[in-house]
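These are the residues of each chain, in order.
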Amino acid sequence: MDTLISNVTVVTMNEKMDVLFGAYIGIENGKIAYMEKTAPQEQPKTIIDGTGMVAMPGLINCHTHLATAVLRNFVDDGEKREALEQLLTRQDKLDNRAAKAAAQLAIAECLRFGITSVSDLYYFPEATAQAVAESGIKANLALSSYRFIDQNEDFDFETDEQCKELVRLVDTWHGYDDGRIKIDGGIYAEYTSNFRLWEGIASFAAEKGLGIQLHLSETKEEVESCEDRSGLTPAELLSCHKIFDLPVTAATCACLTENEQTMLGKYKATAVATPIASAKLGAPTTPITACVKAGMNVSLGTGGAFECGNLDMFEVMRYACLQARQEQGDSSALPAAAPLMMATVCGAKAQGRTDCGMLKEGLDADIILVDFSAPHLMPCHNVPAGLVFSAKGGDVAMTMVRGKILYQNGRFPTIDLNGVVSEIMEYAIPRLLGESKEEQ
Ligand SMILES: [Zn+2]
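Cut-offs applied
- Residues numbered from 1 in each chain as written.
- Predicted model: local features only at pLDDT ≥ 70, side-chain atom pairs only at ≥ 80, totals over all residues.
- Buried ≥ 20, exposed ≤ 12 C-beta atoms within 10 Å, placed from the backbone.
- Helix = DSSP H or I, 4+ residues; strand = E, 2+ residues; numbered from the N terminus.
- Contact = placed C-beta atoms within 7 Å.
- Pairing = 2+ DSSP bridges.
- Axes fitted to C-alpha atoms, helices over the stretch in contact; angles between N-to-C directions.
- Domains from an automatic or database assignment.
- Parallel < 35°, antiparallel > 145°, perpendicular 65-115°, else oblique.
- Left-handed = near helix turned anticlockwise from the far one by under 90°.
- Nonpolar A, V, L, I, M, F, W, Y, C, P; charged D, E, K, R; others polar.
- Core = buried A, V, L, I, M, F, W, Y, C linked by C-beta atoms within 7 Å.

Taken together, the buried positions of helix α3 (residues 125-135) are occupied by Pro125, Ala127, Thr128, Ala129, Ala131, Val132 and Ser135. Packing partners of the buried residues in α3 comprise α2 (96-112), β7 (115-122), β8 (138-143), α4 (161-173), β9 (181-189) and β16 (404-408). Looking one or two places after α3, you find glycine 136, whose phi comes out positive at around 95 degrees.

Okay, the sheet that holds strand β12 (residues 270-273) next. Hydrogen bonds between backbone atoms are what pair the strands of a sheet, whose relative direction is either parallel or antiparallel. Within the open sheet, the eight strands sit side by side as β6-β7-β8-β9-β10-β11-β12-β13. Their pairing is parallel. The outermost strands of the open sheet, each flanked by one partner alone, are β6 (59-64) and β13 (297-300). Strand-to-strand twist of the sheet, defined as the mean angle between neighbouring strand axes without regard to direction, takes the value 25 degrees. As paired elements, β12 and β13 share four bridges and run parallel to each other. In the sheet register, threonine 270 faces β13, and the bridge partner there is asparagine 297. Here α3 sits on the sheet in contact with β7, β8 and β9, set at roughly 175 degrees to β8. Its contacts with the sheet place α4 against β8 and β9, and it is angled at close to 165 degrees to β9.

Time to look at the domain arrangement of the protein. Assigned domains within the protein: domain 1 (3-57 + 359-408) and domain 2 (60-350). On a C-alpha basis, the centres of domain 1 and domain 2 stand 29 Å from each other. Contacts between the two partners involve 19 residues from domain 1, matched on the other side by 22 residues from domain 2. Contributing elements (two or more residues each) for the side of domain 1 that touches domain 2: α16 (383-390), β15 (396-401) and β16.

Below, the discussion takes up the packing of α2 against α3. At a minimum axis distance of 8 Å, the contact between α2 and α3 shows a crossing angle of 40 degrees. As the angle between them shows, α2 and α3 are arranged oblique. When you trace α2 past α3, the crossing you get is right-handed. Residues Asn96, Ala99, Lys100, Ala103, Gln104 and Ile107 of α2 lie in contact with α3, whose contacting residues are Glu126, Ala127, Thr128, Gln130, Ala131, Val132 and Ser135. Partitioned by chemical class, the residues of the contact of α2 with α3 number six nonpolar, five polar and two charged.

Below, the discussion takes up the nonpolar core. Core analysis: the biggest nonpolar cluster contains 149 residues, and Ile25, Ala55, Ala67, Ala102, Ala106, Ile107 and Val370 have the highest contact counts within it. Examining the composition of this core, we find that eleven residues originate from one element, α2, more than from any other. Taken domain by domain, the makeup of this core includes at least three residues from each of domain 1 (3-57 + 359-408) and domain 2 (60-350). Excluding anything up to four places from it in sequence, alanine 102 contacts Ala67, Ala69, Val70, Ile424 and Ala428.

Direction vectors running N to C along α2 and helix α17 (residues 417-432) enclose 135 degrees, while the axes themselves pass 9 Å from each other. On the basis of their axis angle, the class for α2 and α17 is oblique. Crossing of α2 against α17: the hand is left-handed. Residues Arg97, Ala98, Ala101, Ala102, Gln104, Leu105 and Ala108 of α2 touch α17, and the partners they reach there are Leu417, Val420, Glu423, Ile424, Tyr427, Ala428, Arg431 and Leu432.

Below is the structure:
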């Protein structure tokens, strides 16, 4: 046995939602090899004292744009046209080097807050993949394709630049490190592209067994504009082009009709609720209960740091619960176990991962320890409620992926955080703000 976490409270997230007190988790070759209330006979190489800690599966952030961390709080109101234009102008100046540093910073933040796997829909996926590969975190990476292809335009999947990049990414990274990195097809949204691109991506994704990430029905305006152009809602239109035949992870699905929810439920599509990013933008939020009742898989995401401020999934879990209860005027609308499920089990399902999402013998040791000895976490009468309503990302004491510690007590063994910060301050920021040497 490589590592033993001793005397720990375990929130397993298994089918019975078992919580074990004073338990032991043994890890061997990156997998959970032992989980009992008694200590194992075998002597481990390393012991982590879990006294006062809660162990749970690592959180899965199903919708983010990692590299936007470099623009964190650059504008406060992303929806105002001027602010948005400013943001896009800066974003256009990113390059691979700046994007990699920004992704590394965001990954460090994820690990600090107990996130062990992310779904990223953005640009510079090669740079992001390198940052993910070096850091040890798990990720589903998608290039956020966008392009209206005119009827008269020659479109060939083989020669189109964005499609070629997707093919290169799949060749290089899909399945990397025994599936730690997966590549998904990516479509920014219905309103930034059209069917020729969708069909190209969908048939390639079907051939390669990829999932699809996209934004879907986030605002009423988006839905109305699609109806004006096509007579169909975005989900209806995309379904005509076989998008939902694939495993789809769609942010935020806030404005789906009941019929669309039912249709996407039949397709087993995933809606990703990003309640904090949506609230910050003044946008509607995912009707979690209705989507679940319609048979959809519902997971949680932060959105990009530039739109939500930080990548703290504990805040997202708490806010998802509070919002659902307030909207429905019912304190039992979403029990604490629900956001925990969405952030673990349902997240793993969205990413097509069967090796994580719960703590169970045989699964990957993607484990976090939350320090429950802080005043705001004591006394603990109900562990799931403590995790959702009292804990914060900063209470995470250790984050482990496949048995390897990636964050512990302020240290990131796989990320040179000082180096990343200097790269951001000395290269990325001057580049984005137009003060780079090349431009002078
Ligand atoms: Zn987004």
